[in-house]
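Notes for the structure review
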Amino acid sequence: MTVPTDRSGADRCPGLLRPHLADDGALVRLRLPGGRLSTATLHRLGDISSQHGAPFVQLTSRGNLQLRSLPNPLTPQLISQIEATGLLPSASHERVRNIIADPFDETLPPLVAALDAALIADPLLAGLSGRWLFAVAGREGQVLGEPYDVAFQRLSETSGRLLVGGMGVDCAPEDAVAAMLDRARCFLLGRDDESHWNVRDLPPESPAFAALAPMDIDAAPPPTPGRHMPDGARHGAFVLGVPLGMLTIEQIDLLGRVADEVVVTPWRSIVLRTGDTGLDVFEAGGFAVAAHSPWATLSACVGAPWCRRTDTPTVELTTAAAVSLPIDSPRTHVVGCERACGRPAGEHRLVIAPRTVQEILP
Ligand code: SF4
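Throughout what follows, the structure given in this document is the object of discussion. Note that the structure is predicted; figures quoted are calculated from it, not measured.

Rules behind the numbers
Residues numbered from 1 in each chain as written. Predicted model: local features only at pLDDT ≥ 70, side-chain atom pairs only at ≥ 80, totals over all residues. Heavy atoms only, no water. Helix = DSSP H or I, 4+ residues; strand = E, 2+ residues; numbered from the N terminus. Rg over C-alpha atoms; globule rule 2.2 N^0.38 Å. Buried < 20%, exposed > 50% of the residue type's maximum accessible area, 1.4 Å probe, protein only. Near = heavy atom within 4 Å. Nonpolar A, V, L, I, M, F, W, Y, C, P; charged D, E, K, R; others polar. Core = buried A, V, L, I, M, F, W, Y, C linked by side-chain atoms within 4.5 Å. Domains from an automatic or database assignment. Contact = heavy atoms within 4.5 Å. Pairing = 2+ DSSP bridges. Axes fitted to C-alpha atoms, helices over the stretch in contact; angles between N-to-C directions. Expected span 1.5 Å × (residues − 1). Polar contact = N/O pair within 3.5 Å; in protein donor to acceptor, adjacent residues only side chain to side chain.

Next up on the list: the overall build of the protein chain. Broken down by element type, the protein chain carries seven helices and 19 strands. For the protein chain, whose C-alpha radius of gyration is 20 Å, the value lies close to the compact-globule estimate of 21 Å for 362 residues. Overall, the protein chain is about 55 × 50 × 40 Å in size when its C-alpha atoms are taken along their principal axes. Taking all 362 residues of the protein chain together, the buried fraction comes to 54%.

Okay, here's the thing in structure tokens:
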């Protein structure tokens, strides 16, 4: 098994108590198990971020949130303000509470909460890497397309399956939390090197894979922006794409006016259930609301004025370019310098330090 050579021991995933020092200041990542969050808490985070850092809250590819461009070092008062949102229930486990869940399935939140509570209760599990990922899926299994380490898929009230690295075994829902955490403990006890961060770093004979068999895993694609009516739901749901994964203060205000709770997805979108709000309201608020939106293929680093390594306003230029971008344009990532922060993994065009919108268009 080959582990990438750029790893040396423990990973450096940021949290609140161990922020990352980025070129635009301190960056804090806050875990949201299952992605659920009250709009009141989101509003509080938006306030804190706009007072002390960049005027947006960033969505990550694991359904977590980031505040950035914060003072370095963080002041004790700022740490207390963020702690007061209730998003840091455990100092020791803050960076390992990475749990994604299918956003529409209303049977999953109790399972996510039980997994989170049991995870926090075990001191051994604080040793997981910040890159470790739990997934909790329903029949659709949208999150099973993500690079999880250990997953549970609930197939009915009485049946489900435990999945580890593409293999699985039948598992009843009432046994799911214990089974997932057992595999995580097996991983920790079975690895012989701290640079093993994920189950895929272990050899196939590792106890973490014991008693598993290959299984067909049919992950539904991520939900596209627009209005949805999930199976069995009493009310429809909106999926709102968040351009560049940067949720502005105005957008947070809009969400707070129409819903008490939102779900942050791993696909840089927000799911919310609300009565009669029209899609046009969200579109006017700057969300992507159509399945074929230019934002599906556009991304950018934070750029100027927040990052000191550039004077290119990447967000401003990319937002202006989105208006003229043809549908089905190639995946494009816009950055302010050669560091190319946030560069996507797949094939893409990289546009470095553009001066005009035209340079971003294909
Ligand atoms: S790529 Fe963007 S965010 Fe990263 S250092 Fe360069 S300008 Fe800053």
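The structure having been displayed, the exposition proceeds.
Taken together, the neighbourhood of the ligand is formed by Asp23, Cys301, Val302, Cys307, Arg309, Thr310, Val335, Gly336, Cys337, Arg339, Ala340 and Cys341. The residue inventory of the shell around the ligand, partitioned by class, reads seven nonpolar, two polar and three charged.

For the rest of this paragraph, the subject is the nonpolar core. Within soluble globular proteins, side chains that are nonpolar tend to cluster in buried spots. If you look at the biggest cluster of nonpolar residues, it comprises 34 residues, and the most contacted ones within it are Leu65, Leu240, Leu247, Leu255, Ile270 and Phe287. Both domain 1 (20–88) and domain 3 (226–291) contribute no fewer than three residues apiece to this core. In this structure Ile270 touches Leu59, Phe238, Val239, Leu240, Val242, Leu247, Leu255, Val262, Val263 and Val264, once residues within four positions along its chain are discounted. The next biggest cluster of nonpolar side chains, apart from the first, holds 31 residues, and it includes Val96, Leu108, Trp132 and Ala208.

Moving on to the sheet that holds strand 19 (residues 349–352). Taken in spatial order, the three strands line up as 17-18-19 in an open sheet, and their pairing is parallel. A strand with exactly one partner marks an edge of an open sheet, and here the two such strands are strand 17 (298–300) and strand 19. For this sheet, the mean angle separating the axes of adjacent strands, direction not counted, is 20°. As paired elements, strand 17 and strand 18 (residues 332–335) share three bridges and run parallel to each other. Bridge pairing in strand 18 links Leu298 to Thr332. Each of strand 17 and strand 18 is contacted by helix 7 (residues 314–322), which is oriented at about 170° to strand 17, the strand it contacts most.

When the terminal C-alpha atoms of helix 1 (residues 39–52) are compared, their 20 Å separation across 14 residues agrees well with the 20 Å that a helix rising 1.5 Å per residue should span. Where helix 1 is concerned, the buried positions are Thr39, Thr41, Leu42, Leu45, Gly46, Ile48 and Ser49.

Looking along the chain, the bond that leaves Asn72 and enters Pro73 is cis, with omega of 0°. Along the chain, the position of Pro73 falls in the loop between strand 5 (65–70) and helix 2 (76–83). Backbone torsion omega between Ala304 and Pro305 reads 10°, so that peptide bond is classified as cis. Look at Ala211: it is not a glycine, yet its phi comes out positive at around 60°. Owing to a relative accessible area of 69%, Ala211 belongs among the exposed residues under this scheme.

Checked against the element boundaries, Ser269 lands in strand 16 (residues 269–272). Within the structure, Ser269 has its side chain in polar contact with the side chain of Thr265 (distance 2.7 Å). Here Ser269 is in contact with Leu59, Val239, Leu240, Gly241, Val242, Val263 and Val264, once residues within four sequence places are set aside.

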